There are 2 protein chains.
Amino acid sequence: MENTVGFIGVGAMGEPMAASLLRAGFALTVCAHRNREPVERLVALGARDGTDPAGVARASACVITCVPDAPQVDEALFGEHGATHGAAPGTLFIDMSTISPVATREFDRRLRAAGFRFVDAPVSGGTARAKTGKLTIIVGASDEDVRDAEPVLRAMGTPNHVGGVGMGEVVKLVNQIIISNTMIANIEALTFAAKAGADIDATLAVIGTATGSNYLLQNWLPQSWLAGSHAPGFMLDLLRKDLAAALDSARAIGVPMPASSLAYQLYTASSGEGHGRDDYTSVAQFYERAAGVKVRKKA
Amino acid sequence: MENTVGFIGVGAMGEPMAASLLRAGFALTVCAHRNREPVERLVALGARDGTDPAGVARASACVITCVPDAPQVDEALFGEHGATHGAAPGTLFIDMSTISPVATREFDRRLRAAGFRFVDAPVSGGTARAKTGKLTIIVGASDEDVRDAEPVLRAMGTPNHVGGVGMGEVVKLVNQIIISNTMIANIEALTFAAKAGADIDATLAVIGTATGSNYLLQNWLPQSWLAGSHAPGFMLDLLRKDLAAALDSARAIGVPMPASSLAYQLYTASSGEGHGRDDYTSVAQFYERAAGVKVRKKA
């Protein structure tokens, strides 16, 4: 059982993360939810099909969940065919979804009461870095549980232990607050640049050396919006879900969020226009239409 | 005359930039405006005191202006004792102030009509990089004028030629749009982190490897807000002036700026509370008071 890992939620992020575990030599069991295709692709790479979360857990010493939000984690763990129904005592559950830290702590309480262990380990980097196994993984758990989770996590990226259970989610939301605002900052700035006649390639190059330098500007936008594509990447409605979790948490603990609230409204407008399943750079289309300009790199 | 440079505006940025020119071996002439102290410090390093802008220009083949805004550039160039009254035909004027590109193009028109040459070359990097001569310099001008300005600019940092006259200012405003929003994104995110009990050092380390990574978070905040200091750095009222220029320009060319407009209002509130001459990270004090938390690095 030592090397056995289960993976529940083989979507846009989960599928390449599961493939990284196979490449690292783990005995992997997966299961399908709505869509069988990713399971078939993973089986072709050497994974077993566990049929449902309980079946996945029966075959695995460590069970990973990577699903859109807390209700899906709940279903995967505690639903009719949930993983807890198949798991041996002491099973290590790792939730790599991005959800509210409040929900995370509640899952931890219920799993521990049932004799299991729990680690929250949300990720950052998008599908590109999921494929190369170079995700940033933000881990909340006890030292002992982190030690046991570490070989599994290391197959998918670099684990960073930031505190106790729930703290991985807190710091992940910190990242999401920053990217949601920084993306809009970049879009307002580059739409202004293009409309004012600036060369976008030259602008990117110089901002990359200036105080405005940021990861999204240098690494995300050139592959997406500025190349004329809004293929995810990172789905706009998932960012909205993360931002909603951040705004809810901030309200609960009394932190004002004027800029992040505006960002949420802008992404919500873009989702309402039909871009919810596109990359979150789609919010740029509102700016391009309003300004009457297309913002593109040359090559 | 080859190696003679005049510098008008030896303030928080101008003084260390002028000192870089002296270190590089230029024969430098400066003059005082309100405050004589920086002139006396530069004279002690080998500069000449030209008394007023006209006197500075009489001694210089190249005249740099580095002042807060367009009215001060106008006064330095065309005022009663303005540099144009002392400058020889063909003098190369370099404006390193951050001002509206519209004003820049008007200065270019007037200088050219009077037989002079003009380059706009605003900078990014703050006082820290002004002192080390490692500024990002964003240059708008003809190829010929850039070639002549380059040895002078290279003494203060790295010149980046982004287009014709005015385009240096456009791209500088692009940077200011990004930093004004990204700073607030970082502040909302880190205030949330601190109030939720996260370790700020661990949070900085992990975000530095995640999609939220940005220059201000890694390089500016640890020296200022997160160390408990709001000494400039970059004065909040100067950022407000830059943002106002960006918002005015955006309105003139029809680009929507919802996030940057909100940022302007937040900085304006902080200025109204008495922080206009402090570092622009002072806007964090509003968040800290509202959330009832101090956000600090450990060491």
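Some words on the pairing of strand β9 (residues 157–163) of chain A
Residue and element names in this part refer to chain A.
Turning to step 1, where the next piece is worked out: Here six bridges tie strand β8 (residues 135–140) to β9, and the two strands are oriented parallel to one another. Across the sheet, residue V139 finds its bridge partner in β9, namely H161.
Turning to step 2, where the next piece is worked out: In this region the chain leaves β8, passes through helix α7 (residues 143–154) and returns to the parallel neighbour β9; the handedness of that crossover is right-handed.

So, the confidence of the model for chain A
Turning to step 1, where the next piece is worked out: For chain A, the average pLDDT comes to 97, and 100% of its residues sit at 70 or higher.
Turning to step 2, where the next piece is worked out: This complex was scored by the predictor with a pTM of 0.95 and an ipTM of 0.95.

Re the interface of chain B and chain A
Turning to step 1, where the next piece is worked out: Listed as interface residues are 60 residues of chain B and, on the opposing side, 60 residues of chain A.
Turning to step 2, where the next piece is worked out: Across the chain B to chain A interface the summed buried area is about 4800 Å²; carbon plus sulfur atoms make up 74%.
Turning to step 3, where the next piece is worked out: For the pair chain B and chain A, the number of links is zero salt bridges.
Turning to step 4, where the next piece is worked out: If you look at where chain B meets chain A, you find 18 residue pairs in polar contact (both at pLDDT 80 or more).
Turning to step 5, where the next piece is worked out: Secondary-structure elements contributing two or more residues to the side of chain B that touches chain A are β8 (135–140), β9 (157–163), α8 (167–195), α9 (200–207), α10 (215–220), α11 (236–253), α12 (258–275) and α13 (284–291) of chain B.
Turning to step 6, where the next piece is worked out: Looking at the side of chain B that touches chain A, the element that brings in the most residues is α8 of chain B, giving 20 residues.
Turning to step 7, where the next piece is worked out: When its residues are assigned to classes, the side of chain B that touches chain A shows 38 nonpolar, 19 polar and three charged.

Let's talk about the packing of helix α8 (residues 167–195) of chain A against helix α12 (residues 258–275) of chain A
Residue and element names in this part refer to chain A.
Turning to step 1, where the next piece is worked out: For the pair α8 and α12, interaxial distance at closest approach is 9 Å and the crossing angle is 70°. Classed by the angle they form, the pair α8 and α12 counts as roughly perpendicular. Here α8 and α12 pass one another in a crossing that is left-handed. Between α8, through I177, I179, S180, N181, M183 and I184, and α12, the contact on the second element is made entirely by A259, S260, A263, L266 and Y267.
Turning to step 2, where the next piece is worked out: Class assignment of the residues belonging to the contact of α8 with α12 gives a composition of eight nonpolar, three polar and no charged.

Remarks on the domain arrangement of chain A
By a frequent convention, interface size equals the accessible area lost on bringing the separate parts together.
Residue and element names in this part refer to chain A.
Turning to step 1, where the next piece is worked out: Each assigned domain of chain A is listed with its residue range as follows: domain 1 (4–163) and domain 2 (170–291).
Turning to step 2, where the next piece is worked out: Put simply, the middle of domain 1 and the middle of domain 2, counted by C-alpha atoms, are 28 Å apart.
Turning to step 3, where the next piece is worked out: Contact residues are listed per partner, giving 15 residues for domain 1 and 14 residues for domain 2.
Turning to step 4, where the next piece is worked out: Across the interface of domain 1 and domain 2, roughly 1100 Å² is buried in total on both sides, 62% from carbon and sulfur atoms.
Turning to step 5, where the next piece is worked out: The largest per-residue losses of area from domain 1 upon contact with domain 2 belong to T98, P101 and I138, which jointly make up 37% of the total buried on that side.
Turning to step 6, where the next piece is worked out: Joining domain 1 to domain 2, the criterion identifies zero salt bridges.
Turning to step 7, where the next piece is worked out: Here domain 1 and domain 2 share six residue pairs in polar contact (both at pLDDT 80 or more) between them.
Turning to step 8, where the next piece is worked out: Of all elements in the fold, only α5 (101–113), β7 (123–124) and α6 (126–131) reach the threshold of two or more residues within the side of domain 1 that touches domain 2.

What about unusual backbone geometry?
All names here are of chain A.
Turning to step 1, where the next piece is worked out: A cis amide bond links P232 to the next residue, G233, at an omega of 15°.
Turning to step 2, where the next piece is worked out: Here G233 shows up in the loop between α10 (215–220) and α11 (236–253).
Turning to step 3, where the next piece is worked out: Even without a glycine there, the phi angle at T51 is positive, about 75°.
Turning to step 4, where the next piece is worked out: Considering the arrangement of structural elements, one finds T51 in the loop between β3 (48–49) and α3 (53–58).
Turning to step 5, where the next piece is worked out: With a relative accessible area of 61%, T51 lands in the exposed category.

Brief notes about the relation of the copies chain B and chain A
In summary, the two copies of the chain are related to each other by a rotation about an axis coupled with a shift along it.
Turning to step 1, where the next piece is worked out: Once turned by 180° and shifted 0.0 Å along the axis, chain B lies on chain A with an RMSD of 0.0 Å. Expressed as an axis order, the relation between the two copies is that of a two-fold axis. Distance from the rotation axis, computed per C-alpha, reaches its smallest value in chain B at N214 of chain B: 2.0 Å.
Turning to step 2, where the next piece is worked out: Both copies contact each other with a shared surface, as 100% of the interface residues of chain B are interface residues in chain A too.

Side note on helix α1 (residues 14–23) of chain B
Residues and elements named next belong to chain B.
Turning to step 1, where the next piece is worked out: In terms of burial, α1 is a largely internal element, nine of the ten residues being buried.
Turning to step 2, where the next piece is worked out: Residues of α1 that are buried include every one of G14, E15, P16, M17, A18, A19, S20, L21 and L22, and no others.
Turning to step 3, where the next piece is worked out: The first or second residue beyond α1 is G25, which carries a positive phi of 95°.

Thoughts on the pairing of strand β1 (residues 4–8) of chain B
All names here are of chain B.
Turning to step 1, where the next piece is worked out: Summarising burial for β1: five of the five residues are buried, a large majority.
Turning to step 2, where the next piece is worked out: Burial along β1 is two-sided: the residues T4, G6 and I8 and V5 and F7 are all buried.
Turning to step 3, where the next piece is worked out: Taken together, the five bridges between β1 and strand β2 (residues 27–31) define a ladder with parallel strand orientation. Bridging across to β2, G6 finds its partner in T29.
Turning to step 4, where the next piece is worked out: This β-α-β element, β1 to α1 to β2, shows right-handed connectivity.
Turning to step 5, where the next piece is worked out: In the sheet, β1 pairs with strand β4 (residues 62–65) via four bridges, with the strands oriented parallel. Of the residues in β4, the one forming a bridge with G6 is V63.

Quick look at the nonpolar core
Turning to step 1, where the next piece is worked out: One finds F192, Y267 and Y280 of chain A together with F192, Y267 and Y280 of chain B to be the most contacted residues of the largest nonpolar core, which totals 103 residues.
Turning to step 2, where the next piece is worked out: Counting residues in hydrophobic clusters, the runner-up holds 54 residues, among them A47, I99, A141 and V152 of chain B.

Cut-off values and rules
- Residues numbered from 1 in each chain as written.
- Chains lettered and ligands numbered in written order.
- Predicted model: local features only at pLDDT ≥ 70, side-chain atom pairs only at ≥ 80, totals over all residues.
- Heavy atoms only, no water.
- Pairing = 2+ DSSP bridges.
- Helix = DSSP H or I, 4+ residues; strand = E, 2+ residues; numbered from the N terminus.
- Right-handed = clockwise from strand over helix to strand, strands pointing away.
- pLDDT = per-residue confidence, 0-100.
- Contact = heavy atoms within 4.5 Å.
- Buried area = accessible area lost by both parts, 1.4 Å probe.
- Salt bridge = Lys/Arg side-chain N within 4 Å of Asp/Glu carboxyl O.
- Polar contact = N/O pair within 3.5 Å; in protein donor to acceptor, adjacent residues only side chain to side chain.
- Nonpolar A, V, L, I, M, F, W, Y, C, P; charged D, E, K, R; others polar.
- Axes fitted to C-alpha atoms, helices over the stretch in contact; angles between N-to-C directions.
- Parallel < 35°, antiparallel > 145°, perpendicular 65-115°, else oblique.
- Left-handed = near helix turned anticlockwise from the far one by under 90°.
- Domains from an automatic or database assignment.
- Buried < 20%, exposed > 50% of the residue type's maximum accessible area, 1.4 Å probe, protein only.
- Least-squares fit on C-alpha atoms with pLDDT ≥ 70 in both.
- Core = buried A, V, L, I, M, F, W, Y, C linked by side-chain atoms within 4.5 Å.

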